[in-house]
Amino acid sequence: TDAEVLCVWDDDDVFTVDRVRKQVEHLRGRGDVDCSGIEVASMYSVPTRSLSFRSARLPQLVFENTLCFWRSWWEANRCSF
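Model, not experiment: these values are computed from the prediction. (Residues numbered from 1 in each chain as written. Predicted model: local features only at pLDDT ≥ 70, side-chain atom pairs only at ≥ 80, totals over all residues. Heavy atoms only, no water.)

Student: Give me the overall build of the protein: which residues, what numbers.
Tutor: Helices and strands together make up the secondary structure of the protein, namely two helices and five strands. Listed N to C, the secondary structure of the protein is β-α-β-β-β-β-α in terms of helices and strands. Referenced to the eigenvectors of the C-alpha coordinate spread, the extents of the protein come out at roughly 40 × 30 × 25 Å. Taking all 81 residues of the protein together, the buried fraction comes to 20%. Long-range contacts, defined as pairs at least 24 residues apart, comprise 58% of the intrachain contacts of the protein with a sequence gap of at least 6. In the structure as shown, the protein presents an accessible area of about 6400 Å², 54% of it carried by carbon and sulfur atoms. Placing the 10 positive and 13 negative side-chain charges of the protein at their respective mean positions leaves the two points 6 Å apart. (Helix = DSSP H or I, 4+ residues; strand = E, 2+ residues; numbered from the N terminus. Buried < 20%, exposed > 50% of the residue type's maximum accessible area, 1.4 Å probe, protein only. Contact = heavy atoms within 4.5 Å. Areas by Shrake-Rupley, 256 points an atom, 1.4 Å probe, with all protein chains shown as cover. Lys, Arg positive; Asp, Glu negative; His and termini not counted. Charge placed at Lys NZ, Arg CZ, Asp CG, Glu CD.)

What follows is the structure, encoded as structure tokens:
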């Protein structure tokens, strides 16, 4: 692809319908942001039908399958992270 912005999306994950739009707006709205991710505060398990929440006291946890970034940033840094 020749896309300017790249997004990682796991094929079995569910996000809100505006996830990509919000992340791209975040990238475009600020000149100093190269990569955007979603902090996961809760998780629903389909097999157990249970919802679990992370404690707000824990460090932020951003899942790699929620990353959205500029192609130029990826091409410049792909081997360093």
